[in-house]
Amino acid sequence: MRLIVAGEVDPYDAGWRIWGQAFGHAAEYPDIMWPTWLIWGALTDRVEVRPEETEQAYEAIRRAAREWLLLPDDPSAQEAYFQRWVYEELGYERPEDASPAS
């Protein structure tokens, strides 16, 4: 994510690698990796499915990475990030038992 924010890598390629790592660990660490997988899957899918929106997708990728890197080392801050990105930013349907973003 640092390389994305620094502009040192292609946002899509780096996002796809993040998605792949999260997918590989989602079952083992569901609280962190499952929402990470959802976020980065949706962000990279946007590039693939709507190539005319590539620049907007790249900006969203950069913003997601930057916001993650700025989070304090605090589970509640991470949870708020996941809640906002998964449900508000990316529009996944919020399950009835999911808490609203803080």
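Residues numbered from 1 in each chain as written. Predicted model: local features only at pLDDT ≥ 70, side-chain atom pairs only at ≥ 80, totals over all residues. Heavy atoms only, no water.

A. Examining the overall build of the protein more closely. Each helix and strand counted, the protein has 5 helices and 0 strands in total. Taken from the N to the C terminus, the helices and strands of the protein come in the order α-α-α-α-α. The C-alpha radius of gyration of the protein comes to 13 Å, within 12% of the 13 Å expected for a compact globule of 102 residues. Out of the 102 residues belonging to the protein, those deemed buried represent 36%. For the protein, contacts bridging at least 24 residues in sequence account for 43% of all contacts bridging at least 6. A total of about 6,400 Å² of accessible surface is found on the protein, and carbon and sulfur atoms cover 53% of it. With 9 positive and 20 negative side-chain charges, the protein shows a spacing of 6 Å between the two charge centroids. (Helix = DSSP H or I, 4+ residues; strand = E, 2+ residues; numbered from the N terminus. Rg over C-alpha atoms; globule rule 2.2 N^0.38 Å. Buried < 20%, exposed > 50% of the residue type's maximum accessible area, 1.4 Å probe, protein only. Contact = heavy atoms within 4.5 Å. Areas by Shrake-Rupley, 256 points an atom, 1.4 Å probe, with all protein chains shown as cover. Lys, Arg positive; Asp, Glu negative; His and termini not counted. Charge placed at Lys NZ, Arg CZ, Asp CG, Glu CD.)

B. Summary view of the nonpolar core. Of all hydrophobic cores here, the largest spans 22 residues; its most connected members are Ile-4, Ile-39, Trp-40, Leu-43 and Ile-61. Taken together, the elements giving at least two residues each to this core come down to helix H2 (11–25), helix H3 (30–49), helix H4 (54–70) and helix H5 (75–89). (Core = buried A, V, L, I, M, F, W, Y, C linked by side-chain atoms within 4.5 Å.)

C. Molecular detail of the pattern of salt bridges. A full pass over the atoms with the stated rule returns 9 salt bridges. For Arg-63, the salt bridge is made with Glu-67, and the minimal N-O distance between the two is 3.6 Å. Remark: Glu-67 and Arg-63 occur in helix H4; sequence separation between them is 4 residues, near one turn of the helix. The partly exposed category is assigned to Arg-63, whose relative accessible area is 26%. (Salt bridge = Lys/Arg side-chain N within 4 Å of Asp/Glu carboxyl O.)

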